[in-house]
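# Results of the structural survey
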Amino acid sequence: MSNLQTQDPIISKAIEAEAKRQFEGLELIPSENYVSESVLEAMGSILTNKYSEGFAGHRYYGGNTHIDVIEQEAIDRAKALFGVEHVNVQPYSGSPANFAVYNAVLEPGDPVSGMNLLDGGHLTHGWKVSATAKFFESHPYHVLPNGHTDFEELKRIAKEFKPKLIWCGATAYPRTIEFAQFAEIADSIGAYLVADISHISGLVAAGVHESPVPYVHIVTTTTHKTLRGPRGAMIMVTKKGLEKDPGLASKIDKAIFPGLQGGPHNHTTAAIAVALKEAATPEFKEYAKQIVKNTKTLEQEFSKAGIKMVSGGSDNHLLLLDLSVNGTLGSQLEYAMDVAHMTANKNTIPGEKSSPYYPSGLRLGTPALTTRGFKEADMVHVADWIVRVIHHIEGDALPKEQSERAGFIKAIHTKYDADPFLKKIGEEIKSYTKAFPIPGI
Ligand SMILES: Cc1ncc(COP(=O)(O)O)c(C=O)c1O
């Protein structure tokens, strides 16, 4: 019996149940992954006990000799891995990291531009309900009907509104981010160009996706997606960034502390350092290559099965299915897949005809399954399970009348919960996943 089992059975049982769920299912959410045992050890360490506001060598609390070593090591590893001039490893997560960038280089009310959320952008890139749109003037750009960035629109926005900051990088964009095209537009108006590579930082670190570093002034990334570290984030300043503004590194640091945050989460910093060491290995390069190969296999299998994909496929770790032609929606498919032991998330598609609550798309990614050891042949099975579920729920279309929708969704959930076909797929998956370990489980 562990201490937790004895002292807090409610929390202990919930953790065990979650471990079982993770082990017996297929994790297809593109922003999720499984960290190594070493990352887990660093996260669960006594470093969580320590306060260390400030930065290495300049702290507002005593007793930080060892914390300084850890934070400096994380910074040095990130600088070497991404080829940048300055790194801040203290952001609590991706959203505060992005807000700190606004805080560092803008004044309230300044114009900004990022990809529209419904087209694949992130909340913090200026979506209307985010604080980023409340405190700054947001002019979102969109994607074309073919799913690729609409650069003509961004040029018009640049000319008319002169954004002081432009975001590139997204949350649901299955194609290579066109850093050079963004840089041409940002440079033409003297705007800061920031690449949010949260989704693709593991691919960038491994050289599988082009690096934004030569093109942008600032790079932000979460550390828990393809980079396969703990939940956290980093802000990086490039050579181009320092050329534009020699004070940029110090502005970023001050925007994090004391501008936005207090004490850094030292257990997370240590775990980030561990993940960065792992990401610099040849094994990690192979892992990142395999992520893309696995997505390509899904793309090929969905094509064969006649499943429509936004932009026709993927260059990276994720795919966006367009179910508007299948007589169902992402909202129904997400639930049916859950019953069948597959976790994915419903998502809007470009030109969404339904609504963000009941979107037409489903977002799928391969980073987590690739960590478990899934290869192309396994992905053929994964595609087959998904296609079978899609066909099984075909015709479960959302009622046209808005007032009937909540009742319909409730009834659909009850139906799927008891559906023997979905349960049988769930059993097949449960037995298949037994051969694929997850660190820490
Ligand atoms: C592109 C992008 N940026 C930022 C974030 C925010 O990260 P967090 O959830 O850690 O705040 C996400 C998370 O999904 C993301 O996809």
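Cut-off values and rules
- Residues numbered from 1 in each chain as written.
- Predicted model: local features only at pLDDT ≥ 70, side-chain atom pairs only at ≥ 80, totals over all residues.
- Core = buried A, V, L, I, M, F, W, Y, C linked by C-beta atoms within 7 Å.
- Buried ≥ 20, exposed ≤ 12 C-beta atoms within 10 Å, placed from the backbone.
- Domains from an automatic or database assignment.
- Contact = placed C-beta atoms within 7 Å.
- Pairing = 2+ DSSP bridges.
- Helix = DSSP H or I, 4+ residues; strand = E, 2+ residues; numbered from the N terminus.
- Nonpolar A, V, L, I, M, F, W, Y, C, P; charged D, E, K, R; others polar.
- Axes fitted to C-alpha atoms, helices over the stretch in contact; angles between N-to-C directions.
- Parallel < 35°, antiparallel > 145°, perpendicular 65-115°, else oblique.
- Left-handed = near helix turned anticlockwise from the far one by under 90°.

### Looking at the nonpolar core
- Ala-78, Leu-193, Met-236 and Val-389 are the most contacted members of the largest nonpolar core, which totals 118 residues.
- When residues of this core are assigned to domains, at least three map to each of domain 1 (41–279) and domain 2 (282–433).
- When near neighbours in sequence (up to four residues on either side) are disregarded, Ala-78 contacts Val-87, Val-89, Met-234, Met-236 and Leu-276.

### What to know about the sheet that holds strand β7 (residues 165–168)
- Read across the open sheet, the seven strands follow the order β4-β10-β9-β8-β7-β5-β6; overall the sheet is mixed. Across the chains shown, the open sheet's two edge strands, defined by having one partner strand only, are β4 (86–88) and β6 (137–138).
- The sheet contact formed by strand β9 (residues 218–222) and strand β10 (residues 233–237) spans five bridges and is antiparallel. Looking at β10, one finds that Thr-221 is bridged to Met-234.

### A word on the domain arrangement of the chain
- Taken domain by domain, the chain holds domain 1 (41–279) and domain 2 (282–433).
- The C-alpha-based centres of domain 1 and domain 2 are spaced at 29 Å.
- Each partner contributes residues to the interface: domain 1 has 23 residues there, and domain 2 has 25 residues.
- Elements supplying a minimum of two residues to the side of domain 1 that touches domain 2: α9 (201–205) and α12 (266–279).
- Class assignment for the residues of the side of domain 1 that touches domain 2 results in ten nonpolar, eight polar and five charged.

### Some points on the packing of helix α7 (residues 151–161) against helix α8 (residues 179–188)
- Contact geometry for α7 and α8: axes closest at 10 Å, N-to-C directions at 15°. As summarised for this structure, α7 and α8 are arranged roughly parallel, according to the angle between their axes. As for how α7 packs across α8, the hand of that crossing is right-handed. Residues Phe-151, Leu-154, Lys-155 and Ala-158 of α7 touch α8, and the partners they reach there are Gln-181, Ile-185 and Ser-188.

### Observations regarding the sheet that holds strand β11 (residues 318–322)
- Ordered in space as β11-β14-β13, the three strands form an open sheet in which the pairing is antiparallel. A single partner strand is all that each edge strand has here, and the edge strands are β11 and β13 (345–347). Here the average twist between neighbouring strands, direction ignored, is 35°.
- Note: β13 against strand β14 (residues 361–365), three bridges, orientation antiparallel. Paired with Lys-346 across the strands is Leu-362, a residue of β14.

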